[in-house]
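Summary of the model geometry
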Amino acid sequence: MTSSTDPDAESVVVYDLDSDCTLSDVEVGNYYHATVNGVVDYGVFVDLSDSVSGLLHESTYDGSYSVGDDLMVELTEIRENGDLSFSPADVEGEEYETVAVSHEYEITGTDELSEMVDDTVHLEGEIVQIKQTGGPTIFHVSDEEGVIPCAAFEEAGVRAYPEVEIDDVVRVTGLVEERDNALQVEVEDLDVLEGEEAEVVETRLSEALEARAEPNEIEPLVDWPALAGMIPGLEEVAKQLRKTVLESRPIRVRHHADGDGMCASIPVQLALERFIEDTHQDPEAARHLFKRLPSKAPFYEMEDVTRDLNFALEDQARHGQKLPLLLMLDNGSTAEDVPAYKNLAHYDIPIVVVDHHHPDPEAVEPFVDAHVNPYLHDEDYRITTGMLCVELARMIWPPITEELRHVPAVAGICDRSKADTMSDYIELAESEGYEEPFLRDIGEALDYEAHWLKYDDGRNLINDVLNVGGDEERHRELVEFLADRSEEDVENQLDAAMPHVEHERLESDANLYRIDVENHAHRFTYPAPGKTTGEIHDRKVEETGEPVITIGYGPDFAVLRSDGVRLDIPEMVTELNEEIVGGGVSGGGHLVVGSIKFVPGMREEVLDALVEKMADAEIDEALQSTTVGHESDD
């Protein structure tokens with residue numbers, strides 16, 4: 001029995017039970033405040049709380065009572081069958097003190113519910129989602145161990161407990177049930193906690209949340225000092241993602257729709273989904289809380305952010321979800337992302353970025369909660385986003401490691417990384433049965449499927465191609481087929497395009513190759529202009545063995561590739577935009593690979609100025625053969 005104050009030993013004490021008190025909160029001989037709930041010939045029935053009632057026999061009192069009368073009674077007997085007997089409390093003419101009594105609950109954690117099916121339990125936690133169905137209202141309650149759906153029924157389609165809101169701290173009493181191989185609690189009572197009682201629970205939940213959100217300590221898959229500086233940043237991101245899951249906040253991933261982007265996003269997706277399954281009793285939780293969305297451009301376009309924001313607001317209104325956290329992978333680091341970020345800034349949508357494109361930190365970082373990029377640690381694009389995100393996924397859910405040991409090698413091959421550690425990643429993949437030629441086939445298959453999937457995430461298909469959570473035999477057959485199809489389509493494209501490639505020798509002695517991919521390559525098929533330009537570039541690098549720059553252009557865009565020439569494409573784009581009035585120049589990428597856009601009527605001026613800047617660029621043999629993959633599908 002818990003009292004609000006300690007009674008004075010000299011005074012008479014009359015206890016006032018909270019409505020949720022039970023038989024365990026009363027003792028024979030104590031005085032209680034009671035309310036008449038029924039009158040019969042042999043006495044009156046009185047209530048001490050919602051579940052504590054008994055009989056005041058007519059032989060114990062004079063006069064009469066009516067339903068609703070308040071009185072004070074003494075508990076005289078608790079019978080073996082649980083029936084209670086009372087008599088009037090003998091306090092007439094005496095001073096008495098009223099002491100409030102609250103029920104001492106035995107709180108059950110969500111991790112214990114599987115052992116308590118068909119039992120009534122008490123839970124304490126925070127409301128993280130409220131969903132109104134055609135039948136009950138589903139309250140998702142988060143405690144120290146996980147999240148459980150609690151179904152409360154008022155009447156079909158009518159909101160139960162309308163006073164309860166998201167983020168309220170509550171106590172739920174209900175029956176544990178198993179439905180469709182998942183647990184839920186059938187609500188009998190739901191109370192919003194307030195004051196000191198709420199603060200105690202909030203503190204307990206907050207401390208547990210921080211502890212559970214801590215990322216797992218891992219050893220990187222390869223020993224790479226360049227990667228070491230980014231481990232703390234990845235740990236920060238892992239903690240934020242784990243915490244987001246525990247808060248039942250949705251996570252939306254935007255990633256560049258190329259091989260490295262998929263090697264980054266698929267491991268993170270698998271790790272987060274398994275963490276969601278471990279912490280949420282709702283079997284549909286992973287589907288509602290995680291969504292992966294490819295982006296054709298290597299930055300966050302206004303079309304994409306408008307669509308994402310619209311869906312998020314609809315989900316909030318329809319399903320009672322919190323607004324999501326946005327995770328940007330293999331894009332998100334440049335000034336081109338800022339307009340979309342500014343759009344999100346009007347809403348409670350945190351932004352986290354893991355990328356390896358040349359960043360504009362001063363423009364981006366006011367809008368993001370965390371930003372991991374090798375350029376921020378005096379490294380560069382050779383550390384691909386896929387390499388970083390495999391380590392990130394392992395921090396989120398370490399058991400995933402064995403399924404991912406080959407993925408960093410695929411990511412590096414897709415983005416043509418010339419990092420010294422590529423040999424270590426390839427050796428690691430080979431120890432898992434992936435020979436280097438087959439790793440290259442996986443990269444080609446990923447690019448091929450990304451082209452045809454367009455804006456679809458292709459979840460199951462991409463998992464099979466990358467062999468993450470898929471069937472080994474089907475994986476090998478599928479990769480072989482797709483790689484062959486990719487090679488055939490590339491050959492057909494280059495057969496048409498190569499005769500139209502124009503060549504000139506720049507003053508720096510670098511080779512410049514240009515092609516109008518709009519008019520001299522097949523359109524609306526594979527490979528797209530970015531891939532077509534990259535394939536032409538690779539052939540010219542191999543053919544000449546000299547510094548090579550390749551430009552594939554259309555009416556309003558140009559795709560740029562460079563080997564052996566010290567270009568700074570982001571800086572060149574900035575200069576062109578300032579120098580060519582009315583050119584509408586934008587774009588970026590890595591230092592030696594990227595794409596730009598401009599208004600069609602200024603194409604010749606933009607390309608001529610671009611070539612002049614390329615001609616002034618310094619030859620650098622250290623950059624020879626450092627092409628970084630296919631950064632644009634324009």
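Parameters at a glance
- Residues numbered from 1 in each chain as written.
- Predicted model: local features only at pLDDT ≥ 70, side-chain atom pairs only at ≥ 80, totals over all residues.
- Heavy atoms only, no water.
- pLDDT = per-residue confidence, 0-100.
- Contact = heavy atoms within 4.5 Å.
- Patch = residues over 30% accessible without salt bridge, like charges linked within 9 Å, V, L, I, M, F, W, Y side chains within 5 Å.
- Areas by Shrake-Rupley, 256 points an atom, 1.4 Å probe, with all protein chains shown as cover.
- Salt bridge = Lys/Arg side-chain N within 4 Å of Asp/Glu carboxyl O.
- Lys, Arg positive; Asp, Glu negative; His and termini not counted.
- Charge placed at Lys NZ, Arg CZ, Asp CG, Glu CD.
- Helix = DSSP H or I, 4+ residues; strand = E, 2+ residues; numbered from the N terminus.
- Buried < 20%, exposed > 50% of the residue type's maximum accessible area, 1.4 Å probe, protein only.
- Pairing = 2+ DSSP bridges.
- Expected span 1.5 Å × (residues − 1).
- Arc of directions from axis to C-beta.
- Axes fitted to C-alpha atoms, helices over the stretch in contact; angles between N-to-C directions.
- Parallel < 35°, antiparallel > 145°, perpendicular 65-115°, else oblique.
- Left-handed = near helix turned anticlockwise from the far one by under 90°.
- Nonpolar A, V, L, I, M, F, W, Y, C, P; charged D, E, K, R; others polar.
- Phe/Tyr/Trp six-rings, centres within 6.5 Å; stacked < 30°, edge-to-face > 60°.
- Lys NZ or Arg CZ within 6 Å of the ring centre and 35° of its normal.

For the protein, the average pLDDT comes to 91, and 96% of its residues sit at 70 or higher. Segment residues 1–9 is flagged for pLDDT under 50; beyond a separation of four residues in sequence, or across chains, it makes 23 contacts in the model. Within the model, the stretch residues 623–634 combines pLDDT values under 50 with 67 contacts to residues more than four positions away or in other chains.

Taken together, Glu217, Glu219, Asp223, Glu235, Asp420, Asp424, Glu427, Glu430 and Glu435 make up a surface patch of like negative charges. Here the negative patch gets three residues from one element, more than from any other, and that element is helix H12 (residues 422–431). Within the secondary structure layout, glutamate 435 lies in the loop between H12 and helix H13 (436–453).

As a further point, take the side chain of histidine 356. Relative to the elements of secondary structure, histidine 356 occurs in the loop between strand E17 (351–354) and helix H8 (361–364). The class of histidine 356 is buried, set by a relative accessible area of 0%. Contact partners of histidine 356, with chain neighbours within four places excluded, come to Asp260, Asp330, Asn373, Pro374, Tyr375, Tyr381, Ile383, Thr384, Thr385, Asp415 and His590.

Moving on to the pairing of strand E12 (residues 169–179). Burial of E12 is extensive: eight of the 11 residues sit out of reach of the surface. Of the pairings in the sheet, the one linking E12 to strand E13 (residues 182–192) comprises 10 bridges and is antiparallel in character. In the strand pairing of E13, leucine 175 is matched with glutamate 186. Linkage of E12 to E13, two consecutive antiparallel strands, is achieved through a turn of two residues, within which aspartate 180 is found at a positive phi near 55 degrees.

It is worth spelling out the environment of valine 368 at this point. Checked against the element boundaries, valine 368 lands in the loop between H8 and strand E18 (370–372). In this structure, the C-alpha to C-alpha distance between valine 368 and leucine 270, residues 98 residues apart in sequence, is 24 Å. Sequence-distant contacts of valine 368, defined by excluding residues within four places in its chain, comprise Tyr341, Ile351 and Val353.

With 18 residues, helix H6 (residues 302–319) extends 25 Å between its outermost C-alpha atoms, agreeing within 8% with the 26 Å of an ideal straight helix rising 1.5 Å per residue. Looking at H6, one finds that the buried residues are Asp304, Val305, Asp308, Leu309, Ala312 and His319. Mapping the buried residues of H6 onto a view down its axis gives an arc of 135 degrees, with all of them on the same face. Exposed residues on H6 whose side chains face more than 90 degrees from its buried face are Ala317 and Arg318. Where H6 is buried, its residues contact strand E9 (120–132), strand E14 (251–256), strand E15 (290–295) and helix H7 (338–344).

Helical geometry note: an α-helix holds 3.6 residues per turn, so side chains three or four residues apart project in the same direction. Restricting attention to buried positions, one finds in helix H17 (residues 569–579) the residues Ile569, Pro570, Met572, Val573 and Leu576. The buried residues of H17 occupy one face: seen down the axis, they fall within an arc of 160 degrees. Next to the buried residues of H17 lie strand E22 (557–563), strand E24 (586–589), strand E25 (593–597) and helix H18 (603–616).

Let us now look at the packing of H17 against H18. Running from N to C, H17 and H18 cross one another at 135 degrees; their axes reach a closest spacing of 11 Å. In terms of their interaxial angle, H17 and H18 are classed as oblique. Judged by the sense of rotation from one axis to the other, the crossing of H17 with H18 is right-handed. For the pair H17 and H18, the contacting residues are Met572, Glu575, Leu576 and Glu579 in the first and Val606, Ala609, Leu610, Lys613 and Met614 in the second. Here the residues of the contact of H17 with H18 sort into six nonpolar, no polar and three charged.

Taken as a whole and judged by the stated rule, the model has 10 aromatic pairs. Where tyrosine 434 meets phenylalanine 438, the ring centres are 6.4 Å apart and the plane angle is 25 degrees; that geometry is what we call stacked. Take tyrosine 434: its relative accessible area is 5%, and that puts it in the buried class. What makes phenylalanine 438 buried here is its relative accessible area of 13%. In this structure an aromatic cluster arises from ring pairing among Tyr448, Trp452 and Tyr526. A cation over an aromatic ring shows up here: arginine 476 above the ring of tyrosine 434, its NZ or CZ 5.3 Å from the ring centre. Positioned above the aromatic ring of phenylalanine 438, the side-chain terminus of arginine 476 is 4.3 Å from the ring centre.

Side-chain pairs of opposite charge can arise where the charged atoms are in close proximity. Counting across every chain of the model gives 41 salt bridges. Between glutamate 210 and lysine 239 there is a salt bridge; the shortest N-O distance is 3.2 Å. Taken together, the residues glutamate 210 in helix H1 (residues 195–213) and lysine 239 in helix H3 (residues 231–246) connect sequence positions 29 residues apart. A salt bridge links lysine 613 to glutamate 575, with the shortest nitrogen-to-oxygen separation between them at 2.9 Å. Placement of the pair is lysine 613 in helix H18 and glutamate 575 in helix H17, with a sequence separation of 38 residues. Classification of lysine 613 as buried rests on a relative accessible area of 17%. Each member of the salt-bridge network shares a partner with another, and the members are Glu124, Glu144, Arg171, Glu197 and Arg204.

Moving on: the sheet that holds E17. With respect to topology, five strands assemble into an open sheet ordered E15-E14-E16-E17-E18, the strand pairing being parallel. Of all the strands in the sheet, the pair left with one neighbour each is E15 and E18. When strand polarity is set aside, the average angle formed by the axes of neighbouring strands in this sheet is 15 degrees. In terms of strand pairing, E17 meets E18 through three bridges, oriented parallel.

For the rest of this paragraph, the subject is the packing of helix H15 (residues 472–497) against helix H16 (residues 529–544). Where H15 contacts H16, the two axes come as close as 10 Å, and the packing angle between them is 75 degrees. Taken together, the axis directions place H15 and H16 in an arrangement best described as roughly perpendicular. Across from Val490, Glu491, Gln493, Leu494 and Ala497 in H15, the residues of H16 making contact are Lys531, Thr532, Glu535, Ile536 and Arg539. In terms of residue class, the contact of H15 with H16 is built from four nonpolar, two polar and four charged.

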